[in-house]
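Here are the chains, one letter per residue:
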Amino acid sequence: MILDGKVPSGPLEQKWENHVHDSRLINPANKRKFRIIVVGTGLAGASAAASLGELGFNVDVFCYQDSSRRAHSIAAQGGINAAKNYRNDGDSVFRLFHDTIKGGDFRAREANVYRLAQLSGNIIDQCVAQGVPFARDYAGYLDTRSFGGALVQRTFYARGQTGQQLLLGAYQALSRQIRDGKVQVHTRTEMVDLVLVQGEAKGIIVRDMVSGGLSAHAGDCVVLATGGYSNVYYLSTNAKGCNVTAAFRAYKKGALFANPCYTQIHPTCIPASGHYQSKLTLMSESLRNDGRIWAPGGKGDKRPPSEIPDAERDYYLERKYPTYGNLAPRDIASRAAKEACDEGRGVGATGRGVYLDFAESIQRLGKAAIEERYGNLFEMYERITGEDGYSTPMRIYPAPHYTMGGLWVDYNLQSNLPGLFVIGEANFSDHGANRLGASALMQGLADGYFVLPNTIGTYLAGTSPGAVQKDRDEFQAGMAEAGDRVARLLSINGRKTVDDFHRELGHIMWEDVGMARSEESLKRALAEIPKLRSEFWESVKVPGEAADFNQELEKALRLADFLEFGELLALDALHRDESCGGHFRVEHQTEEGEALRHDDKFSFVAAWEYKGNGKAPEMHREPLTFENVKLAVRSYK
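Anyway, here's the lowdown on the structure attached to this text. No experiment lies behind these values; they were computed from the predicted model shown.

Let's talk about the packing of helix α14 (residues 498-512) against helix α16 (residues 551-575)
Packed helices, taken two at a time, are described by their axes: the angle between them and the distance between them.
Moving on, step 1. One can describe the packing of α14 onto α16 by two numbers: an axis separation of 10 Å at closest approach and a directional angle of 20°. With respect to α16, the element α14 is oriented roughly parallel. Considering how the two elements wind past one another, α14 and α16 form a crossing that is left-handed. Between α14, through V498, D499, F501, H502, L505 and M509, and α16, the contact on the second element is made entirely by E552, K555, A556, L559, F562, L563, G566 and L569.
Moving on, step 2. The residue makeup of the contact of α14 with α16, split by class, is nine nonpolar, two polar and three charged.

Here is the structure:
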């Protein structure tokens, strides 16, 4: 199957405006007849639910947290990109578009990325109007700073709490709609399956995480805003609850999963410290504005950093990429850190770390200036490590972070399943093989505030509101299937915990499908994951009851999907016999160790179709064409 992304015709800069003009509309009186299900209340989900409610639709929004304010978007620290050009440093919509396409190693759809750049300025205006406390300069104008992969300062920020402040803005907008009765929020509920009626998405099955009860919810369409899947690696920067289940359940009902091998390893994380550690902590990429990254120049140098003179330090990003220096894109900076550690020049007890040093910036700007910009990040680092980042360099190492793959969507953000829309990190659409820093918040809010509200009407206008109710057989079958999965997990009564299995899966994924991948390692993962999955279904121990608050059962349900999804991720990585962005195949690299693409063979989106239990998935392609940027070897030197 050759997939149609439904990209509008015409000049790139006019596609979105023309598409909005040509989209079908629903009059206000009729909007009140439709009910939309939104799953997830992070930046994408909260902004979408609030915007749809404001338009007059009835919205049911679901989250597994006790409040939508606790969505993982709150963890985003550094900033949000927008082409406002307040700095007058040469930025523009086209430059943001070009940086994003290049940063994704030319593996994203041009039209979607340009639309994202076009809408970026609207996001800032929207959030300022909501009262988001962006940083301001001495004159009172909104301040910006640099992020990786760009030579202009286009990143708007609120200290190291940008995600939190943006989420509070979206939450305020959502709360207004809850008050007005247009949005009903269902907290502590987790989606466990998607319901299709005659091939169209019309509802979901959820589990009440307090009582354990299963329930069905019907709507006129379903919007997934459920984030990414980095927790397939067990240790990641994601919150422990982040999972792939909603997207994977949709995949098993026929939604195509696109580019699952595109996973991002963030270079600026606190190194792992022990076998039983449960997650990793991100230190914002914004720290690379003023922190210099280095490793000892010689192997096995165990001296404290203060005793290593400057001449014996290797500021490797500044050496290898002098144009961008410490602000090289994430995939490049991560591989460079791994290379230094693989050479025996890593620091810390494990040897898996490099330094992020603020001494030069503190000397140049003063400690107070650094504290004003990043104070909460330094406090967080000290609480976790017991070390003062002002007086001694921070230790950092790459870790799984964001995922560029996700459910396939067209230009309308609709999946191949009619009525199933996917927004934010849960879809594949905007970042290609590598996401530039500060672009996640941009995409989530663009999708929720501006794109989806303008595209969802075309689908709804062709349907009859309220035509599907939850008493249909499809909903009862979904409830029964979900109940059977729960019962099966509780009946195993094995000898190993869910975390034991998840940790083993994470080890396989990190070692064989992590920063560096090879045909050998991927085939090894594809052999080991099915064995681990079989053992899981024979030997996992899930205590407690179904009809109760049961966190081990929650984890088991999520891990069951991760154990299948990990195999799909590895299969996609094996099939993509090239290196691009975060997908680095060691067989395909330049003489200088950079990613080597094969545009003649792999300039396409790989979208996988589930074919049934025990059967190999089938890959479909969406060709990528580049009419407005020139395909080139990505260079940041």
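Quick word on unusual backbone geometry
Moving on, step 1. Positive phi outside glycine occurs at N88, with the angle close to 55°.
Moving on, step 2. Notably, Q198 is not glycine yet its phi reads approximately 55°, a positive angle.
Moving on, step 3. Here Q198 shows up in the loop between β7 (189-197) and β8 (200-208).

A short note on the sheet that holds strand β1 (residues 35-39)
Moving on, step 1. Read across the sheet, five strands follow the order β6-β2-β1-β10-β18 without closing on themselves; strand pairing throughout is parallel. Since the sheet does not close on itself, it has two edges, and those belong to β6 (183-186) and β18 (420-422), each with one partner. Geometrically, the sheet is characterised by an average inter-axis angle of 20° between neighbouring strands, direction not taken into account.
Moving on, step 2. The pairing of β1 with strand β2 (residues 58-62) spans five bridges and is parallel. Within the sheet, the bridge partner assigned to R35 lies in β2 and is N58.
Moving on, step 3. Against the sheet, helix α12 (residues 440-460) engages β1, β10 (221-224) and β18, with an angle of about 150° to β10.

Some remarks on the packing of helix α5 (residues 110-130) against α12
Moving on, step 1. At a minimum axis separation of 9 Å, α5 and α12 run at an interaxial angle of 80°. Relative to α12, the element α5 is oriented roughly perpendicular. Along its contact with α5, which presents R115, L116, L119, S120, N122, I123, Q126, C127 and Q130, the element α12 presents M442, Q443, L445, A446, Y449, F450 and V451.
Moving on, step 2. When the residues that make up the contact of α5 with α12 are grouped by side-chain class, the tally is 10 nonpolar, five polar and one charged.

Here is what the cut-offs are and how they apply
Residues numbered from 1 in each chain as written. Predicted model: local features only at pLDDT ≥ 70, side-chain atom pairs only at ≥ 80, totals over all residues. Heavy atoms only, no water. Axes fitted to C-alpha atoms, helices over the stretch in contact; angles between N-to-C directions. Helix = DSSP H or I, 4+ residues; strand = E, 2+ residues; numbered from the N terminus. Parallel < 35°, antiparallel > 145°, perpendicular 65-115°, else oblique. Left-handed = near helix turned anticlockwise from the far one by under 90°. Contact = heavy atoms within 4.5 Å. Nonpolar A, V, L, I, M, F, W, Y, C, P; charged D, E, K, R; others polar. Pairing = 2+ DSSP bridges.

Function-wise, these values are silent; they only describe arrangement.
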